[in-house]
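Summary of structural features
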Amino acid sequence: MKLTMRVKSDKSMKGNLGLHDALPKGKEFPNVPPKGEIWVHKKLSERRRCQVAKHERFENYLMRKKHMNYDEAHKIAEKWEKY
């Protein structure tokens, strides 16, 4: 599935740098993007937005295709980001 990156304000992001549509909506993630979207915070530089978007795409893949929960997928995506 193709994921489109959208730049959003803090009002939408609720303190998160990036969000994707596979996240569990709830207390930690009150705003979850619609299907097919990744949101990144507008306060980030263009370079950092790209890095966050890559992290979110990979995390989304792990959650949807590998059936990982958020915590598992996030840890792997963080390690992957460093390489």
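This report concerns the structure included in the present document.

About the cut-offs
- Residues numbered from 1 in each chain as written.
- Predicted model: local features only at pLDDT ≥ 70, side-chain atom pairs only at ≥ 80, totals over all residues.
- Heavy atoms only, no water.
- Phe/Tyr/Trp six-rings, centres within 6.5 Å; stacked < 30°, edge-to-face > 60°.
- Helix = DSSP H or I, 4+ residues; strand = E, 2+ residues; numbered from the N terminus.
- Buried < 20%, exposed > 50% of the residue type's maximum accessible area, 1.4 Å probe, protein only.
- Salt bridge = Lys/Arg side-chain N within 4 Å of Asp/Glu carboxyl O.
- Axes fitted to C-alpha atoms, helices over the stretch in contact; angles between N-to-C directions.
- Parallel < 35°, antiparallel > 145°, perpendicular 65-115°, else oblique.
- Left-handed = near helix turned anticlockwise from the far one by under 90°.
- Contact = heavy atoms within 4.5 Å.
- Nonpolar A, V, L, I, M, F, W, Y, C, P; charged D, E, K, R; others polar.
- Lys, Arg positive; Asp, Glu negative; His and termini not counted.

Further remarks concern the packing of aromatic side chains. Counted under the stated rule, the structure contains three aromatic pairs. Through pairs of rings, three or more aromatic residues link up here, namely Phe58, Tyr61 and Trp80.

A few words on unusual backbone geometry. Positive phi, close to 50°, is recorded for Lys14, a residue that is not glycine. As for its placement among the helices and strands, Lys14 is situated in the loop between helix H1 (10-13) and strand S2 (18-20). With phi around 55°, His67 is a residue other than glycine that occupies positive phi space. The topology assignment puts His67 in the loop between helix H2 (46-65) and helix H3 (70-81). Residue classification places His67 among the exposed residues on the basis of a relative accessible area of 66%.

With that out of the way, let us pick up the pattern of salt bridges. Under the counting rule described, the total for this entry stands at four salt bridges. Residues Glu46 and Arg49 are paired through a salt bridge, measuring 3.6 Å at the closest nitrogen-oxygen approach. Pair noted here: Glu46 and Arg49 are both in helix H2, with a separation of three residues, about one helical turn. Its relative accessible area of 48% is what places Glu46 among the partly exposed residues. For Glu81, the salt bridge is made with Arg48, and the minimal N-O distance between the two is 3.4 Å. Pair noted here: Glu81 is in helix H3 and Arg48 is in helix H2, with a separation of 33 residues, a long-range link. The partly exposed category is assigned to Glu81, whose relative accessible area is 32%.

The interhelical angle for the contact between H2 and H3, taken along N-to-C directions, is 135°, at an axis separation of 9 Å. Here H2 is positioned oblique relative to H3, judged by the angle of their axes. Of the two elements, H2 crosses H3, and the hand of that crossing is right-handed. For the pair H2 and H3, contact is made by Arg48, Gln51, Lys54, His55, Phe58, Glu59, Leu62 and Met63 and by Tyr70, Ala73, His74, Ile76, Ala77, Glu78, Trp80 and Glu81, respectively. Of the residues belonging to the contact of H2 with H3, the class tally is eight nonpolar, three polar and five charged.

If you trace the backbone, Glu59 turns up in helix H2. Buried charge Glu59 goes without a salt bridge, the closest partner of opposite sign being Arg64 at 11 Å. Aside from chain neighbours lying at most four places away, what touches Glu59 is His20, Leu23, Tyr70, Ala73, His74 and Ala77.

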